There are 2 protein chains.
Amino acid sequence: MTYPWPEEGTPLDAISTPMPVIDEDRLAANILKAQSYLDEHGKAFRPHIKTHKIPAIARQQLQAGAIGINCQKVSEAEVFADAGFDDILITFNILGAAKLSRLKALNARIGRLSVVADSAATIAGLAGTFDTEKPLAVLVECDTGGKRCGVQTPEAALVLAEKINAAPGLVFKGILTYPAPGGAEKVESFIGETMALLAAKSIECPVRSSGGSPDFYAAHLVPSATEHRAGTYVYNDRAMLRAGHCAAGDLAMHVLATVVSRPTPDRAVLDCGSKALTSDLLGFSDYGLIEGYEGAKIISLSEEHAVVDLSGCTSGRPEIGDVVKVVPNHTCVVSNLFDRMVFHRNGLVTRVEDVAARGTVW
Amino acid sequence: MTYPWPEEGTPLDAISTPMPVIDEDRLAANILKAQSYLDEHGKAFRPHIKTHKIPAIARQQLQAGAIGINCQKVSEAEVFADAGFDDILITFNILGAAKLSRLKALNARIGRLSVVADSAATIAGLAGTFDTEKPLAVLVECDTGGKRCGVQTPEAALVLAEKINAAPGLVFKGILTYPAPGGAEKVESFIGETMALLAAKSIECPVRSSGGSPDFYAAHLVPSATEHRAGTYVYNDRAMLRAGHCAAGDLAMHVLATVVSRPTPDRAVLDCGSKALTSDLLGFSDYGLIEGYEGAKIISLSEEHAVVDLSGCTSGRPEIGDVVKVVPNHTCVVSNLFDRMVFHRNGLVTRVEDVAARGTVW
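Residues numbered from 1 in each chain as written. Chains lettered and ligands numbered in written order. Predicted model: local features only at pLDDT ≥ 70, side-chain atom pairs only at ≥ 80, totals over all residues. Heavy atoms only, no water.

Here's the deal with the overall build of chain A
- Helices and strands together make up the secondary structure of chain A, namely 10 helices and 17 strands.
- Computed over the C-alpha atoms, the radius of gyration of chain A is 22 Å, within 12% of the 21 Å expected from 2.2 N^0.38 for a compact globule of 362 residues.
- Across the 362 residues in chain A, those meeting the buried criterion constitute 61%.
- Counted over contacts in chain A with a minimum sequence separation of 6, partners at least 24 positions apart contribute 67%.
- Surface exposure of chain A reaches about 12,600 Å², of which carbon and sulfur atoms provide 53%. (Helix = DSSP H or I, 4+ residues; strand = E, 2+ residues; numbered from the N terminus. Rg over C-alpha atoms; globule rule 2.2 N^0.38 Å. Buried < 20%, exposed > 50% of the residue type's maximum accessible area, 1.4 Å probe, protein only. Contact = heavy atoms within 4.5 Å. Areas by Shrake-Rupley, 256 points an atom, 1.4 Å probe, with all protein chains shown as cover.)

Describing the environment of Arg112 of chain B
Residue and element names in this part refer to chain B.
- Counting through the fold element by element, Arg112 comes out in strand β5 (residues 112-117).
- Sequence separation between Arg112 and Gly68 is 44 residues, and the spatial gap between their C-alpha atoms is 8.9 Å.
- For Arg112, the contacting residues outside a window of four places in its chain are Asp86, Asp87 and Ile88.
- Within the structure, the side chain of Arg112 is placed 3.1 Å from the side chain of Asp87, a separation counted as a polar contact. (Polar contact = N/O pair within 3.5 Å; in protein donor to acceptor, adjacent residues only side chain to side chain.)

Focus: the nonpolar core
- Ile88, Ile90 and Leu103 of chain A together with Ile88, Ile90 and Leu103 of chain B are the most contacted members of the largest nonpolar core, which has 212 residues in total.
- Ignoring any residue separated from it by four or fewer positions in sequence, one finds Leu103 of chain B in contact with Val74, Ile90, Ile94, Leu113, Val115, Leu126, Phe130 and Leu136 of chain B. (Core = buried A, V, L, I, M, F, W, Y, C linked by side-chain atoms within 4.5 Å.)

Re the state of the cysteines
- Considering all chains together, one arrives at 0 disulfides over all chains under this definition.
- Sulfur of Cys142 of chain A: no disulfide; nearest cysteine sulfur belongs to Cys205 of chain A and is 8.4 Å away.
- No disulfide involves Cys313 of chain B; its nearest neighbouring cysteine sulfur is the one of Cys272 of chain B, lying 15 Å away.
- Taking relative accessible area as the criterion, Cys313 of chain B reaches 15% and is therefore assigned buried. (Disulfide = S-S within 2.5 Å.)

Comments concerning the packing of helix α3 (residues 74-82) of chain A against helix α4 (residues 97-109) of chain A
Residues and elements named next belong to chain A.
- Where α3 meets α4, the axes come as close as 10 Å, and the angle between the chain directions of the two elements is 25 degrees. In terms of orientation, α3 and α4 fall into the roughly parallel class. Crossing handedness for the pair α3 and α4: left-handed. Residues Val74, Ala77, Glu78, Ala81 and Asp82 of α3 form the contact with α4, whose participating residues are Arg102, Leu103, Leu106 and Arg109.
- Of the residues belonging to the contact of α3 with α4, the class tally is 5 nonpolar, no polar and 4 charged. (Axes fitted to C-alpha atoms, helices over the stretch in contact; angles between N-to-C directions. Parallel < 35°, antiparallel > 145°, perpendicular 65-115°, else oblique. Left-handed = near helix turned anticlockwise from the far one by under 90°. Nonpolar A, V, L, I, M, F, W, Y, C, P; charged D, E, K, R; others polar.)

From the geometry alone we can't say anything about function, so treat these as descriptive.
The following block contains the structure:
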C-alpha cells in the first residue's frame, strides 16, 4: 500500500502526522530577502541545497538571482545536474577512484563544476583524474576558525594553489571557508593575507567564498568575499531564530504532530520522535518549539515519541488528538528524513515535491 | 544517474562511503542468542522491526522462533503485511480517522493484528472503527517507570481493560510496558497487581508484554511477563555495548567512513556526519567509536562531516583516504537514514536489502 500524498487544496489538518510542511509565502520571502541583501552588498549568492534537496526550490533560488548552487556530495550534484543545473560547487574533498570517476563524468556534462581541496592528497587525486580537455575548477578550503576542514594558514593556501595550477587538468579558482559564528574579522584577514601571497606570485583568485546562515546578514562585514553560501535560511528553524537570523514569522518549516498520549497532567506525548525531528540539539536543552503552547518543553525523544513536559505551560495544554506545530531545532536534518515534502499556503496544500537528493550515497 | 549497489562478492573496501554495513554472521548469532535465552525462560519473543525495517531480517527472526513482529507505525505494519507477515503488534496509540481506517483494512487482511491504548480517547477511536466481523485485539499500555506513554496505575489499567471489553469490535488481550532500564522489579509488581485486579473481575489477561534491548538478558527477572519485545539486539551498537548487553564481537553494524581531511596533527575529518550517524548521543559525549583507533574521539558532527580529536590516540592516527569503521551510538536511527542496507561476510558483500519500511509516513 502506498501513502496517498495530499492533492492541491487539501487542508493541512487532513494530513497524516508526523509530517513537515513548508509555508510557500515564507519560503518565497526568505529567498527574496536573502538575495536582496547580498545584491545590495554586491555579493554573489550560491545557496546550499543540503537544506531542501529539492530541484524546484533551487530553481526559485536561481530565479531570484543566485549564481549557482552548492552541494555537499557528488551524488547530490548528480541529481541536480539531471534536473538541469549547470553551475555546481561541491564543498567537499572528493577522494577515491570511484567518486573521482563520477566527478569526471559530471564535469563533462555541466557547464561549471567546482570542488574544494584542503590537502595535497586531495589535489593529487583530482590531478590524476582530470585533463586539459575539460579542466576542473578547484578552490582551496581554509579553516578560519570553524575547526572543521581547511588549511590552517594563508601560506598553506598558497602552497595548495600552486599545486592546483601545476596540474594540467586543474584550475585554481579561489579560496573558500565555512567560518565560525561571529568570525567575520578572522575571515577578512585570512582572505586578505592569502590574496596578498597569491598576488605576489601573480596567481589570480577570482572567487573568495564565505558561508553560513546564522551570520548571513553579517556577510557585508567580509568585504573581500565575492560570494556567500547558505542553506538553512530558506526554511529557517529554531536555531536561526535564536541566532537572530530570522523572526518567528520567517519560520517556513513546521513539523505537524499529534498528541497521542496524556499519561499525567504534566506530560504529553507527541508522535514526532527522533525519526521525525532528529536528536539535533544545536545547543538547546530540548528538541523543538511547540507553537501556541508557551512553556511546553520537549524533554526527550525516542524514535517515534516526543515526551513533552507541560508543567511550565502558561497558556493551556494540548489534549489527546490535538495536532500541534513543532518548530524543529534544525531543518536540514528533518528534510533528510522524509522522501517527499508537503507545501502549503494559508493552510491549504499547494504541492508535494520529491526530496530528490535525499538518500543519495555517493 | 543511479548508484551502482555492490554485487555479491564485492569487497567492502570498494564500497562508497559513508555506508552502514551489516555482518551476516554477527547478525545471525545475535538473533540466535536472544531467541535461545527467551526460549530457555519460556517467554515468547516479538522482535521490534524499527531497528532494521527489512522483511528479510524479520523472516530470519521468525525462523529462529519469534512468534510475530512489533511495529511502531501503521505504515510500517502495512509494509510487513505486504511481505507476508501475519502476526503484528503496533505499540502505538492510533488516533484519527485516516490512520484508523487503514488500521481496519490491515486487520482485515492479516491473521493477528494487535495495538495498544493508554487512554479512553484512544479506545473510543478504536471502538468506533472496528466491529464484530473481525474484532481488534488491544493491549493496555502501562507506564512502569519509563515515563513515556502508559497508564500510571494498575487501577487505571483495569478501567481501560473494561472499556475495551465493553466495545463490541475490540478484545482486551493483555498489558504491555516499555520499562525503564533496571526496572524489572517495578514491572513485575505492576503486572502482578494489574493481574490481580483483572482476575477479581474475571477478565483474562493472556499477554503480558515487556520489552527493551539494554535489559534483554534480565527478562527472566520478570516472571509474570509472557513475551518480550526488542529491536536493537539484532545489530547492537555502542549503547548496547556500554549496557553490557553485548560484547564487541556482537556489533553487527558498522558505518564505513573515509578520512577526507587532516587539517591539523590532532584533527581528522570523516565523511560520516549527522546525515549518516545521526546526532543521537544516548548519554555519550561523542558520536561513535572508531574501531582500531583507541582514544580517537568524534567530538562534533555537521551534516556530512565528523570532526575527530586524535589527541588521545594511543595506537596510530588515520591518514587522508583511509577507510575506518565506526560503531554508531545507536543503530536504529542509522537504518532510518539509508534506503538500502549492505550485508557482508568476512568483508565480502552477500546481499543488498531495501530498507522497505523506511520513510513510511502513515
